[in-house]
Amino acid sequence: MKPLEIVILGSGSIIPTKNRHHSAIWVRREGDVFLWDCGEGTQRQIQKAGLSFMKIDKIFITHWHADHFAGLLGLIETLNLEDRERDLEIYGPQASRFISLLSEMSWYDFGFNIKAVDVNFENEEESVLIDEKEYTIKSIPSDHSIPSVAYCLEEKDNININEEKAEKYDLYPGPKMGKLKERGKITHKGQEIKLEDVSDVTEGRKVVYSGDTKPSDKIKELSEGADLLIHDATFTEETSHKHSSAKDAGKLAKEANVKKLLLTHYSRRYNDLKPLREAAEENHQNVEVAEDLMRLEL
């Protein structure tokens, strides 16, 4: 299975603390590198983590509150100074509007092409933003005080022909096998053979990031069966200002059959994160609390 690495660059909320930077998550799937949000200080956190900002291919902004995007301008300026040449894609609700505003704030031209991709925040259905051979990246509107979305990286199942199983059907590598992979089933020597009859399936991994949101049925739907859900947990139990509590996140994770819940985006009132974990564990038993520069591999 190909590497899938998550690095929490910032786990704080609107007002950072000395131990928690603003929201930013590094996602690497083999050679593809993404950022989910880019709060203030993101490029310094990237350096502290020993990562390379030059490898970033795409940035996905959940919403345009400063603690989720204010690191963009500095990061773009650095990429320019480091002579970046290849395109950078930036996704988000009304992304074209905000990237245009950022370009006006910079004295110089960005120096490389930035493709702003507007992400739907009104239609309640999922949007497929990236559809690669091995994975997709999807979004769905979340419930915050301004236009906002959640994101999901979902791998496609990996199907490998099992030669021992194929031999039982007298099926060997060649044109017939190619047709079976293409069509999902074939008739061979008078017998119908389905792809699943002669293959081993490795289920793809799924990671969801909620961004800032009240508890949302849409995010629960997006998170169904996820290996990892990274969810807003601004408070322990109370829900206000269009944010979720740790207790809310735990309940959603349980209902969505999430394998692991990672809490993030804490209010500065919490120096000790134990109460947040305990509140989430009332509903879901596999809970972690994000810390800046935490690494996870799935």
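Preceding this section is the structure that the text describes.
Below: a short report on this structure. (Residues numbered from 1 in each chain as written. Predicted model: local features only at pLDDT ≥ 70, side-chain atom pairs only at ≥ 80, totals over all residues. Heavy atoms only, no water.)

1. Let's talk about the nonpolar core
Phase 1: One finds Ile6, Trp36 and Leu263 to be the most contacted residues of the largest nonpolar core, which totals 51 residues.
Phase 2: For this core, the element with the highest residue contribution is strand 9 (residues 149–155), accounting for five residues.
Phase 3: Not counting residues up to four positions away in its chain, the partners in contact with leucine 263 are His231, Ala233, Ala246, Ala249, Leu276, Arg277, Ala280, Val287, Glu288, Val289 and Ala290.
Phase 4: Residues Ala24, Val33, Phe53 and Ile99 belong to the second largest nonpolar core, which totals 30 residues. (Core = buried A, V, L, I, M, F, W, Y, C linked by side-chain atoms within 4.5 Å. Buried < 20%, exposed > 50% of the residue type's maximum accessible area, 1.4 Å probe, protein only. Helix = DSSP H or I, 4+ residues; strand = E, 2+ residues; numbered from the N terminus. Contact = heavy atoms within 4.5 Å.)

2. Considering the packing of helix 8 (residues 246–255) against helix 9 (residues 274–281)
How two helices sit against one another is set out by the angle between their axes and by the gap between those axes.
Phase 1: Orientation of helix 8 relative to helix 9, taken along the N-to-C sense of each, is 35°, at an axis distance of 7 Å. Considering how the two elements wind past one another, helix 8 and helix 9 form a crossing that is right-handed. Across the interface between the two elements, Ala246, Lys247 and Gly250 of helix 8 pack against Leu276, Ala279 and Ala280 of helix 9.
Phase 2: Residues that form the contact of helix 8 with helix 9 fall into these classes: four nonpolar, one polar and one charged. (Axes fitted to C-alpha atoms, helices over the stretch in contact; angles between N-to-C directions. Left-handed = near helix turned anticlockwise from the far one by under 90°. Nonpolar A, V, L, I, M, F, W, Y, C, P; charged D, E, K, R; others polar.)

3. Observations concerning the side chain of aspartate 292
Phase 1: Structurally, aspartate 292 can be placed in the loop between strand 17 (287–289) and strand 18 (294–297).
Phase 2: There is no salt bridge for the buried aspartate 292, and the closest opposite charge comes from arginine 20, which lies 6.0 Å off by N-O distance.
Phase 3: In terms of polar contacts, aspartate 292 uses its side chain to reach the side chain of serine 11, at 2.7 Å.
Phase 4: If we skip the residues at most four places from it in the chain, aspartate 292 touches Ile8, Leu9, Gly10, Ser11, Asn19, Arg20, His21 and Gln45. (Lys, Arg positive; Asp, Glu negative; His and termini not counted. Salt bridge = Lys/Arg side-chain N within 4 Å of Asp/Glu carboxyl O. Polar contact = N/O pair within 3.5 Å; in protein donor to acceptor, adjacent residues only side chain to side chain.)

4. As for the environment of lysine 176
Phase 1: With respect to the helices and strands, the residue lysine 176 is situated in helix 6 (residues 175–183).
Phase 2: Sequence separation of lysine 176 and serine 139 is 37 residues, and the distance between their C-alpha atoms is 38 Å.
Phase 3: Not counting residues within four places of it along the chain, the set of residues in contact with lysine 176 comprises Leu171, Ile186, Thr187 and His188.

5. Considering the packing of aromatic side chains
Between two aromatic rings, the relevant description is the distance of the centres plus the angle of the planes.
Phase 1: The tally for this structure, following the rule as stated, stands at eight aromatic pairs.
Phase 2: Ring centres of phenylalanine 34 and phenylalanine 60 lie 5.9 Å apart, and the angle between their planes is 80°; on these two criteria the pair is classed as edge-to-face. In this pair, phenylalanine 34 sits in strand 3 (residues 32–38) while phenylalanine 60 sits in strand 4 (residues 58–60), placing the two residues 26 residues apart along the sequence.
Phase 3: Judged by its relative accessible area of 0%, phenylalanine 60 falls in the buried class.
Phase 4: One aromatic cluster is present, formed by Phe34, Phe60, Tyr91, Tyr135 and Tyr151 through successive ring pairs.
Phase 5: The ring of phenylalanine 112 is capped by arginine 84, whose NZ or CZ atom sits 5.7 Å from the centre of that ring. (Phe/Tyr/Trp six-rings, centres within 6.5 Å; stacked < 30°, edge-to-face > 60°. Lys NZ or Arg CZ within 6 Å of the ring centre and 35° of its normal.)

6. A closer look at the side chain of histidine 144
Phase 1: When you line up the elements, histidine 144 lands in the loop between strand 8 (135–141) and strand 9.
Phase 2: Residue classification places histidine 144 among the buried residues on the basis of a relative accessible area of 9%.
Phase 3: A polar atom in the side chain of histidine 144 sits 3.3 Å from the side chain of histidine 65.
Phase 4: Among the polar contacts listed, one links the side chain of histidine 144 to the backbone oxygen of lysine 242, at a separation of 2.9 Å.
Phase 5: Ignoring any residue separated from it by four or fewer positions in sequence, one finds histidine 144 in contact with His63, His65, Asp212, Thr213, His241, Lys242 and His243.

7. Notes on unusual backbone geometry
Phase 1: Residue glutamine 94 is not a glycine yet carries a positive backbone phi of 55°.
Phase 2: When you line up the elements, glutamine 94 lands in the loop between strand 5 (88–92) and helix 4 (95–105).
Phase 3: Looking at glutamine 94, the relative accessible area reads 31%, which means it is partly exposed.
Phase 4: You will see that aspartate 170, though not glycine, has its phi angle at about 60°, which is positive.
Phase 5: For aspartate 170, a relative accessible area of 30% translates into the label partly exposed.

8. Focus: the pattern of salt bridges
Oppositely charged side chains are able to pair whenever their charged atoms sit close together.
Phase 1: Summed over all chains, the structure comprises 22 salt bridges.
Phase 2: One salt bridge in this structure joins arginine 205 and glutamate 155, with 2.7 Å as the shortest N-O distance. Of this pair, arginine 205 sits in the loop between strand 13 (199–202) and strand 14 (206–209) while glutamate 155 sits in strand 9, placing them 50 residues apart in sequence.
Phase 3: A relative accessible area of 5% places arginine 205 in the buried class.

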